[in-house]
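Descriptive structure summary
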Amino acid sequence: MKTNYHTHTTRCNHANGSDEEFVLSAIKGGYQILGFSDHTPWKYRTDYVSGIRMLPDELPEYVESLRTLRSQYKEKIDIKIGLECEFFPDYIPWLKEQVKAYGLDYLLFGNHYYHTDEKFPYFGRQTTNRDMLDLYEESVIEGMESGLFCCLAHPDLFMRSYPEFDHHCTSISRHICRAAARLNVPLEYNISFVPYNEAHGRTTFPHPKFWHIAANEGCTAIIGVDAHDNRFLEEKKYYDQALVQLKELGIKTIDTLPMLTDR
């Protein structure tokens, strides 16, 4: 099946397209399952306001809108409702309450910050030294060991800012992949930056060296579009390329993720 569990909405303040436009684009693109996993809100204990995620009081409307679309388009596509979350230990109890209150289908693990974005920088832009790589590895493994998440999104996110895939990257990648294989957490082969890589002659993620390690360590992969624009769900080129690349790697590839009700 052609599926995608990594879809955002305009509530995160850096996406384009209405909820319905994402659904219609997914249908046009040939998807059988569309999972919405917008950046989770957090009920901070400080007065910090994030500019890249919905607010807590937007969560009810998010769920209501997607439930309406799920019913409206049930004959054409299977819509799942989730969130993309970090592992913020102090705020996990609140997150679990929201999962239960709104009957969410799944949680996608997007490791963007170390323990909180109130004071720590974004891994995707500020991972320029070994210390940040170590924090990335630590928080990734902590999050996977929590058992909360069905998948690790963009596991090689650090290569968006780290200058080159050196021996430090090799070391933390091996540790992350071994933990993922041990814990049976699929890794997302995230294709959102492929157009950027092509346009700028760069290799950020998905990074070939990371994925060779993942294959060698016996990891499982799933393709993720990480759609911040509904039109990207209509683009078939990069999804098809990913299928070929994963086959060449010889890595086990799946098309569905376990829902919270399956666990």
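Residues numbered from 1 in each chain as written. Predicted model: local features only at pLDDT ≥ 70, side-chain atom pairs only at ≥ 80, totals over all residues. Heavy atoms only, no water.

1. As for the packing of helix 5 (residues 130–145) against helix 6 (residues 167–183)
The interhelical angle for the contact between helix 5 and helix 6, taken along N-to-C directions, is 0°, at an axis separation of 10 Å. Comparing the axis directions of helix 5 and helix 6 gives the class roughly parallel. On helix 6, the residues touching R130, L133, D134, Y136, E137, V140, I141, M144 and E145 of helix 5 are H168, C169, I172, H175, I176, A179, A180, R182 and L183. Partitioning the contact of helix 5 with helix 6 into residue classes produces 11 nonpolar, two polar and five charged. (Axes fitted to C-alpha atoms, helices over the stretch in contact; angles between N-to-C directions. Helix = DSSP H or I, 4+ residues; strand = E, 2+ residues; numbered from the N terminus. Parallel < 35°, antiparallel > 145°, perpendicular 65-115°, else oblique. Contact = heavy atoms within 4.5 Å. Nonpolar A, V, L, I, M, F, W, Y, C, P; charged D, E, K, R; others polar.)

2. A look at unusual backbone geometry
Between F205 and the following residue, P206, the backbone shows a cis peptide bond with an omega angle of 0°. If you trace the backbone, P206 turns up in the loop between helix 7 (194–200) and helix 8 (208–216). Positive phi, normally seen in glycine, also occurs at N13, with a value near 75°. For N13, the location among the structural elements is in the loop between strand 1 (3–7) and helix 1 (19–28). Assessed through its relative accessible area of 53%, N13 is described here as exposed. Positive phi values are uncommon outside glycine, yet H154 reaches one of about 25°. (Buried < 20%, exposed > 50% of the residue type's maximum accessible area, 1.4 Å probe, protein only.)

3. Observations regarding the environment of F88
With respect to the secondary-structure elements, F88 resides in the loop between strand 3 (78–85) and helix 3 (92–102). Note on F88: relative accessible area 0%, which makes it buried. As for F88 and S161, which are separated by 73 residues in sequence, their C-alpha atoms are 22 Å apart. If we ignore the near neighbours within four places in the chain, the residues touching F88 are W42, Y113, H115, T116 and D117.

4. Looking at the pattern of salt bridges
Per the counting criterion, the structure on display carries 11 salt bridges. In this structure, the salt-bridge partner of D19 is R11, at a minimum N-O distance of 2.8 Å. Accessibility classification places D19 together with R11 in one group, the buried group. Sharing partners across several salt bridges, the network here consists of R11, D19 and E61. (Salt bridge = Lys/Arg side-chain N within 4 Å of Asp/Glu carboxyl O.)

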